[in-house]
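Now for the letters of each chain:
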Amino acid sequence: MASSLPTYDELQAARAGSTAALGALLEECRTYLLKIAGEELDSALLPKAGASDVVQDAFLEAHKVFERFEGHSRDDLLAWLRGILLNKLSEHDRRYRTAKRSAGREVTLDTPPIPGGSGSPASGMVHGEEAGRLRAAIERLPEHYRQVVVWRYWDDLPFETIGQRLNKSPEAARMLWLRAVEKLEQELS
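How each quantity is defined
Residues numbered from 1 in each chain as written. Predicted model: local features only at pLDDT ≥ 70, side-chain atom pairs only at ≥ 80, totals over all residues. Heavy atoms only, no water. Salt bridge = Lys/Arg side-chain N within 4 Å of Asp/Glu carboxyl O. Helix = DSSP H or I, 4+ residues; strand = E, 2+ residues; numbered from the N terminus. Buried < 20%, exposed > 50% of the residue type's maximum accessible area, 1.4 Å probe, protein only. Axes fitted to C-alpha atoms, helices over the stretch in contact; angles between N-to-C directions. Parallel < 35°, antiparallel > 145°, perpendicular 65-115°, else oblique. Contact = heavy atoms within 4.5 Å. Nonpolar A, V, L, I, M, F, W, Y, C, P; charged D, E, K, R; others polar. pLDDT = per-residue confidence, 0-100.

**Student:** What is the right way to look at the pattern of salt bridges in this model?
**Tutor:** When charged atoms on two side chains of opposite charge get close, those side chains can pair. What the rule picks out here adds up to 12 salt bridges. A salt bridge links Glu27 to Arg30, with the shortest nitrogen-to-oxygen separation between them at 2.7 Å. Of the two residues, Glu27 and Arg30 are both situated in helix H2 (residues 19–40); the distance of 3 residues between them amounts to about one turn of the helix. Note on Arg30: relative accessible area 14%, which makes it buried. Connected via shared salt-bridge partners are Glu27, Arg30 and Glu160.

**Student:** It is not clear to me how the packing of helix H6 (residues 143–154) against helix H8 (residues 170–188) should be interpreted in this structure. Could you clarify?
**Tutor:** Angle between the axes and distance between the axes are the two parameters that describe a pair of packed helices. With their axes 9 Å apart at the nearest point, H6 and H8 run at an angle of 105° to one another. Judged by the inter-axis angle, H6 sits roughly perpendicular to H8. Taken together, the residues of H8 that come into contact with H6 (itself represented by His144, Tyr145, Val148, Val149, Arg152 and Tyr153) are Ala173, Leu176, Trp177, Arg179, Ala180, Val181 and Lys183. Looking at the contact of H6 with H8, its residues break down into 9 nonpolar, 1 polar and 3 charged.

**Student:** How do you make sense of the confidence of the model for the protein when you look at a structure like this?
**Tutor:** Atomic detail in the predicted coordinates should be set aside for any region of low pLDDT. Of the residues in the protein, 76% reach a pLDDT of 70 or more, and the chain-wide mean stands at 77. Ranking the elements of the protein by mean pLDDT puts helix H5 (residues 121–140) last, at 67, and helix H7 (residues 159–166) first, at 90. Taken as a whole, residues 1–5 scores under 50 in pLDDT and shows 9 contacts with residues more than four places along the chain or in a different chain. Every residue in residues 99–105 is under pLDDT 50, and counting partners more than four places away or in other chains gives 10 contacts.

Written out as structure tokens, the structure is:
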């Protein structure tokens, strides 16, 4: 991010209601916020959302409450956005650290749970059966759910990219993915 950004005119345009100006200001701050999010995000929570997802949540919040921003300089804007980001990181941590949704109990789709996991022929059969159950459950999902699960887990795409592919916002893509995962859990039950 260049040291002269944002200019007074850019801030004034954003304050006057220009969503394009505000979007440009936030985009100029993305690298800085990604660095902070990458340093602060607990690696145990990465299956839930990456740094770019939390930054995107911070940007959505900044859009909602930009009228509260009282700063006049680049440093003021960075400090304000950093505060929003840290708040979003804290919310993210609280959301996924409850007993019901313990991050430690999470298992990625590409490594289904293997009871016994001893490496014996029996555990290999169990692993194959679990993988087969998972594939069958994914196949039973509606196409739009199946696609978002594949993009997120196998292609490891961020919600921004998934949203672009679906012509939706990153937040809408995340919500679709959450519904797909819920449906997948129902199929596996």
